[in-house]
Amino acid sequence: MTETVGRPWVRADARAKVTGQAKFPGDFGMADMVHAKILFADRPHARVVSIDTSEAAQVEGVVAIFTAQDVPVNEYGLQTADQPVLCGPGSGKPGADVVRFVGDQVALVVADTRAAAEQARGLMEITYEDLPVVSDPFEALKPGAPQIHPGREASELHPELSTEGNFICHHQIRKGDMEAGWAQADVVVEGQYHTPGQEHAYLQPEAGLAYIDDEGRVAVVVAGQWAWEDQRQIAHALDIPVEEIRVIYPAIGGAFGGREDMSVQIVLALAAYRLQRPVKITWTREESIRGHCKRHPMWFRCKWGATREGELVAAEVQVVADGGAYCYTTNKVLGNTTITCTGPYAFPNAKVDVDGVYTNNPPSGAMRGFGAPQGIFAAEMQMNKLAEALGMDPVALRMRNLLQDEMPTTTGTPLAGGVHLQEVTERCALAAGWERAEEGWRKPAAKGVALAGRPKEAMRTGMGMAVGFKNVGFSFGYQENCWLRIELRGEDDIERAIVTIGTADVGQGAHTVLQQMAAEALQVSMERVSLEASDTGTSPGSSGSASASRTTFMAGNAIREAAALALDGWREGERPAVVEHTYLAPETTPLDPDTGEGFPNFAYGYVAQVVEVVVDVETGELRVRRVVCADDVGKAINPEQVEGQIEGGVVQAMGWVTCENFIAQAGRVLTPHLSTYLIPTIADVPERMETIIVEKPDPRGPWGARGMGEMPFLPLAPALLAAVHDATGVWIDEFPLTPERVLRSLRDGGSLLECDWE
Amino acid sequence: MLPSFELLMPETLPEALEMLAGYAPDAMPLAGGTNLVPDLRGGKRRPGVLVNVHGLDALQYIGRQDRYVVMGAGVSLADVLESELIGAHGRVLQEAARVFANPLIRNRATVGGNLGNASPAADTVPPLLVLDAELKLASAGESRWVGLEDFFVDVCDTICRHVELITAVRWLVPPPRTFSRFRKLTLRKSTAISVVSVAVRVTLGESGRCVDAAVALGAVAPTPIRVHEAEEVLRGEALTPEVIDRATRFACTAASCIGDVRSSAAYRERVTDVLTRRLLAEAQEWSEEQWERS
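Conventions and cut-offs
- Residues numbered from 1 in each chain as written.
- Chains lettered and ligands numbered in written order.
- Predicted model: local features only at pLDDT ≥ 70, side-chain atom pairs only at ≥ 80, totals over all residues.
- Heavy atoms only, no water.
- Contact = heavy atoms within 4.5 Å.
- Buried area = accessible area lost by both parts, 1.4 Å probe.
- Salt bridge = Lys/Arg side-chain N within 4 Å of Asp/Glu carboxyl O.
- Polar contact = N/O pair within 3.5 Å; in protein donor to acceptor, adjacent residues only side chain to side chain.
- Helix = DSSP H or I, 4+ residues; strand = E, 2+ residues; numbered from the N terminus.
- Domains from an automatic or database assignment.
- Buried < 20%, exposed > 50% of the residue type's maximum accessible area, 1.4 Å probe, protein only.
- Arc of directions from axis to C-beta.
- Pairing = 2+ DSSP bridges.
- Axes fitted to C-alpha atoms, helices over the stretch in contact; angles between N-to-C directions.
- Right-handed = clockwise from strand over helix to strand, strands pointing away.
- Phe/Tyr/Trp six-rings, centres within 6.5 Å; stacked < 30°, edge-to-face > 60°.
- Lys NZ or Arg CZ within 6 Å of the ring centre and 35° of its normal.

Some remarks on the interface of chain A and chain B
In this assembly, 28 residues from chain A lie in contact with 16 residues from chain B. Both sides of the chain A and chain B interface together cover about 2000 Å² of buried area, and 59% of this is carbon and sulfur. Taken together, the links from chain A to chain B amount to two salt bridges. Residue Arg278 of chain B pairs with Asp616 of chain A through a salt bridge whose shortest N-O separation is 2.7 Å. Joining chain A to chain B, the criterion identifies seven residue pairs in polar contact (both at pLDDT 80 or more). Elements with a contribution of two residues or more to the side of chain A that touches chain B: helix H3 (114-122), strand S24 (622-632) and helix H17 (739-748) of chain A.

Section: the domain arrangement of chain A
All names here are of chain A. Partitioning chain A into structural domains gives domain 1 (34-131 + 206-282), domain 2 (298-404 + 415-474 + 593-748) and domain 3 (481-584). If you look at the interface, domain 1 gives 17 residues, while domain 3 gives 15 residues. Here domain 1 packs against domain 3, burying approximately 1200 Å² in sum over the two surfaces, 50% of which is carbon and sulfur. It is Gln225, Trp226 and Trp228 in domain 1 that bury the most area against domain 3; as a group they hold 38% of the surface buried on that side. At the boundary of domain 1 with domain 3, the tally comes to one salt bridge. Measuring nitrogen to oxygen at the nearest pair gives 2.7 Å for the salt bridge that ties Arg246 to Asp535. At the boundary of domain 1 and domain 3, one finds eight residue pairs in polar contact (both at pLDDT 80 or more).

Here we look at the side chain of Ser534 of chain A
All names here are of chain A. Take Ser534: it is sitting in the loop between strand S21 (529-533) and helix H14 (551-571). A polar side-chain atom of Ser534 sits 2.9 Å from the main-chain carbonyl oxygen of Thr503. Sequence-distant contacts of Ser534, that is, excluding residues within four places in its chain, are made with Val247, Ile248, Tyr249, Ile501, Gly502, Thr503, Ala504, Asp505 and His511.

Some points on H3 of chain A
Residue and element names in this part refer to chain A. Of the positions making up H3, those classed as buried are Ala116, Ala117, Ala120 and Arg121. For H3, the angular spread of buried residues about the axis comes to 135 degrees, placing them on one side. Check the buried side of H3 and you find it contacts strand S1 (34-40), helix H2 (54-58), strand S3 (62-66), strand S5 (105-111) and helix H8 (285-291).

Quick word on H17 of chain A
Along H17 of chain A, the residues classified as buried are Pro739, Glu740, Arg741, Val742, Leu743 and Ser745 of chain A. Structurally, H17 of chain A contributes buried residues whose contacts are with strand S23 (604-616) and S24 of chain A together with strand S11 (178-185) and helix H11 (265-293) of chain B. Two residues or fewer past H17 of chain A, Gly749 of chain A is found with a positive phi of approximately 75 degrees.

Considerations on the sheet that holds strand S6 (residues 134-139) of chain B
What links the strands of a sheet is backbone hydrogen bonding, and the strands pair in either a parallel or an antiparallel sense. All names here are of chain B. Taken together, the five strands give an open sheet; going across it, the order is S4-S5-S10-S6-S7, and neighbouring strands pair in antiparallel fashion. Each having just a single partner strand, strand S4 (62-65) and strand S7 (142-147) make up the two edges of the open sheet. Going across the sheet, the axis of each strand differs from the next one's by a mean of 25 degrees, ignoring polarity. Bridging between S6 and S7 involves six bridges; their strand directions are antiparallel. Among the inter-strand pairings, Lys136 is bridged to a residue of S7, identified as Trp145. Across the face of the sheet, helix H1 (residues 13-23) comes into contact with S6 and strand S10 (165-172) while running at roughly 125 degrees to S10.

What to know about the pairing of strand S11 (residues 245-248) of chain A
All names here are of chain A. Because side chains alternate across S11, one face comprises the buried residues Ile245 and Val247, and the other comprises Arg246 and Ile248, equally buried. Both strand S10 (residues 218-222) and S11 contribute to a ladder of four bridges, which runs parallel. Note that in S11 the partner of Val218 across the bridge is Ile245. Once you follow S10 into helix H6 (residues 227-238) and on to S11, the crossover reads as right-handed.

Some remarks on the packing of aromatic side chains
All names here are of chain A. Under the counting rule described, the total for this entry stands at 16 aromatic pairs over all chains. Between the aromatic rings of Phe553 and Phe602, the centroid separation amounts to 5.4 Å while the plane-to-plane angle is 45 degrees, which identifies the pairing as tilted. Of the two residues, Phe553 is situated in helix H14 and Phe602 in the loop between strand S22 (577-584) and S23; the sequence distance between them amounts to 49 residues. According to the relative accessible area criterion, Phe553 is buried, its value standing at 0%. Between Phe662 and Tyr677, the aromatic rings sit 6.3 Å apart at their centres with planes inclined by 70 degrees, giving edge-to-face as the arrangement. With Phe662 in the loop between helix H15 (639-657) and strand S25 (664-665) and Tyr677 in the loop between strand S26 (668-669) and strand S27 (688-694), this pair connects stretches of sequence that are 15 residues apart. What makes Tyr677 buried here is its relative accessible area of 0%. Ring pairs connect the aromatic residues Tyr193, Phe377, Trp656, Phe713 and Phe735, which therefore count as one cluster. One cation-aromatic arrangement involves Lys303 over Trp182; the distance from NZ or CZ to the ring centre is 4.3 Å. Directly above the ring of Trp703 sits Arg560, whose terminal nitrogen or CZ lies 5.8 Å from the centroid.

Right under this line is the structure:
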């Protein structure tokens, strides 16, 4: 009747955001509110010996100063509670007196004005005893290295978490017979790779307002990704029942994974709870860059073998990831790296070892792709080098080895939900100019380019390709779920459908898509559907995190099931018809700790990209001329938003590979400004971006939809590096590709990665 | 956050100069604010008084006076970009304006502010250096013209006294058959501080030889610099590869590069070489075209 799904509805929040009317956490205020400032450690590893607040407390307007001793349960963390809320003595939590990275929080200063809070913060007297700093994960694993979290206990919930040394966690895969595999290999390619950290650089730095609501709860207005989980962690630290905490997400200025972990939530709630007054905080950009997690920097050592005909026979991959000072989601991120670092290929024999390591760097956590961009980078670099070594076209080599339905992955089980890697690869290659001749795939010839002010002989053009895949949703044995409530009002017809759900719209347009799916499922018009979202005060159940490309899939299925139940009630005469429902995703299993066998995920997305670059070989500058992206999204619920996600993912990945350069030296951040940490501007985006939306339905996805938010990020790095190789003949195995790194690599004939792997 | 300060809003230039004199040394002029406001927020500068000179009519002109191109210090980079006069007689400056920060900043930032801020990487400076520009420094009741090359003392330090304001910039209309160009290397395409910038001016004589030349570099020393040694090499010569090579080597020698988060010193030296060489090669191509035309 309505057919709202599959149409480019204008985003529900577009007008408010474009006109500046939308309220973000920093835009909220209350009459009698006070202002808070956080005193950050600003040193990478030290014991807080004493805290003297006397001088700070003298500042006119200071209302309160909170330190470790004021936090009832001084610990938090998504996977394991290894981070103090406030670092310092007196909280009773062992180890909470130690700061482990520059962004650790030491005190919260609350005053009538921001200026007074800032002035008082400057007068805080903290006595530190500096501890030895370890900022290199390879150094951190050596005997005698400074220990970041001594005396950890094993986790029943997360057996992959390690208690040994600075190891955060370990994953491994043992499949087939490696010796037999190498015996079959006519060609072996070995490579070492490094992928850097990345700052989320969302538009809106951390901010929030906490107050006591009219039911006496501590309400926290903040930007996050999983309100229910924020609520749980706040309640834990404050040692009060979960129901007494309320988390509200207004408009959220981007997240990309960086808001999965806590920033201002707990300290704000603590201050409002203790003072029984509204408390507001807004981080500066510098505080934001120092204060929240980054993408995991990783190091790879790979050895892949293939037969002369191009059949992959064996892969050995070793990965070390810098987890930084706290666990955050490192164990889960590395689960994804484990299954993606051998690429989307059918290897009969594989050996994979992945370690996460504690250091005194800023913590590494979730960021778009969640461990897959790093894994895919190493895998696709190997694949492109293999194609070169075999003298095969990179598309042809892939078509021969890509996973298909029913083919087991390195975990021993096939990918779920229909495998369409060949489709995306083929569509992408053809659109980019590849020819499928009788003798096989043929790459188009490179075209020269003339740029004003640059000598023609210094300009080299090249084209490269890569393929990626990633799981949808949290799984690896975790039972994925999504709660919602549907209420249908009216007499004869449904006049109003109210969907209550916890799911966050982090700027990706999720709420518009949910509204579309609800209208479709209930067969009512869009105007009749209203969404009450992102408030734990109205959503008692967990709808899960806005991450892992899961929202459309999980909330869509929840909407479909709940709508059917609500319509049953409606037909039986219920007025209003009300349904509360939790959708449970198909079951998965954890990876076997010894062999890596298992069925880790219930759904996947697939993507292929071709990148064209021009390199100035005298200065090392490069320009991305064209990106072709074919993305199997199952069903584009809102094609315009899908296109936006793809273009955004491509540009964010391009930033990671080209100009974004997060520099930390001995744990200190040297690029805490957006003038030193350079994200792409509109002038930097690829000259041409061609998006191909492939719609091969997932039989269990809502209307066939797969998750897609992260997938466009995945293959860009290896495709771009392959294009640089095509242009210059040199493989660069690390990035960002600052002009200086490109020039140095051209001089040296490649990267000179030196890691202490033993 | 922005610290507290007193903001004065003069309506005329004499009034502004009186205010600067009255509050010196605690007062600073505020023009576009694109450098000053971030500096205030970051605590880099702490003036008690800001004298707003943004939009003062007396600082808002671009025109020709006798043999000079003269402009008020308050003209924005966007104004420079749009000026036909500057396009005709100061193309090198217009090229710098075209790649200056981004359109929003260009609308606000002023030439006087960019000079007064005295960043080693200020993009208007190498072009104005090769144009032999002069600045007018005015204070209540008096004024003086100074050569731009004598203006800078060190990083963010100039000879401008607290009571003085840069009110105008001028340069002699270059002779016919003058080539002037600007290039910079940045780590992204807009809103980026130069890793290295280079400006070159070459004037050809009747014979097709170079009768006058100027080379200036940005971001390779505590202040932007002129490379007179390179200019000596060029003067009186045809722009042969050998001459270009010698001049370029002097440019590299003159640079005293340092390493920072943007680049190592070695890379800056390399880029100084490439950009200087390329601009001189472009000048050579241009000179051949001139020769053919005449």
